[in-house]
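# Coordinate inspection notes
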Amino acid sequence: MKKIFGLLIASASLAVASIDAHAQAPSDIPAEMNTLMTKYTCIACHRPNQRLVGPAYADVAKKKYSTEEIVNLIYNPIPAHWPGYPPMAPMKQVPKEDAVKLATWINSLDGSPAKKAGSGKGKSKSKKA
Ligand code: HEC
């Protein structure tokens, strides 16, 4: 348990260090979301279309949570949802308003043509838009 936590910190600080080096938002993150993700450190562990320490937000969006459910999961993560990942710490410092913005954006990523390396499952779900 301790070991996992140490690893988590290590990879998080690694990610932060590399962000520092680039100081540029990845192009698939809108400026406002980049600001929030940086402010609340989400960006150390999450990307829209790429697994880092945490799951890609596009994969979170595929779970079809409501915005409110995502907000709750930001405050009270349920690690059992993501086997194979370390547990996310509750991010209670995020004000509700900002959590809603992040959650709304995360949900909007479903169906964006995430280029996936590997895992060819869940390709196209029937959906009416
Ligand atoms: C230190 C790394 C780390 C940080 C910082 C972090 N997360 Fe996570 N996040 C994870 C990991 C790992 C998971 C998967 C395991 C889990 O849910 O506990 C996850 C899961 C999630 C999920 C999916 C929840 C579910 O149950 O499906 C959402 C949504 C999410 N994070 C949003 C955020 C937001 C928004 C922030 C910033 C306010 C943030 N995370 C900050 C590591 C992180």
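Residues numbered from 1 in each chain as written. Predicted model: local features only at pLDDT ≥ 70, side-chain atom pairs only at ≥ 80, totals over all residues.

### Observations concerning the packing of helix α4 (residues 67-75) against helix α5 (residues 96-108)
Viewed as axis vectors pointing N to C, α4 and α5 meet at an angle of 120°, and their least axial separation amounts to 8 Å. Here α4 is positioned oblique relative to α5, judged by the angle of their axes. Here the hand of the crossing between α4 and α5 comes out right-handed. Contact residues: Thr67, Ile70, Val71 and Ile74 in α4; Ala99, Val100, Ala103, Thr104, Ile106 and Asn107 in α5. Of the residues in the contact of α4 with α5, the class split is seven nonpolar, three polar and no charged. (Axes fitted to C-alpha atoms, helices over the stretch in contact; angles between N-to-C directions. Helix = DSSP H or I, 4+ residues; strand = E, 2+ residues; numbered from the N terminus. Parallel < 35°, antiparallel > 145°, perpendicular 65-115°, else oblique. Left-handed = near helix turned anticlockwise from the far one by under 90°. Contact = placed C-beta atoms within 7 Å. Nonpolar A, V, L, I, M, F, W, Y, C, P; charged D, E, K, R; others polar.)

### Quick word on the site of the ligand
Near the ligand there are 29 residues, and of these Cys42, Cys45, Gly54, His81 and Met88 occur at the shortest range. Looking at the shell around the ligand, the elements with two or more residues in it are α1 (2-22), α4 and α5. Considering every element that reaches the shell around the ligand, the biggest residue donor is α4, with three residues. Along the lines of polarity and charge, the residues of the shell around the ligand split into 24 nonpolar, four polar and one charged. (Near = placed C-beta within 6 Å.)

In short, shape yes, function no, at least from these values alone.
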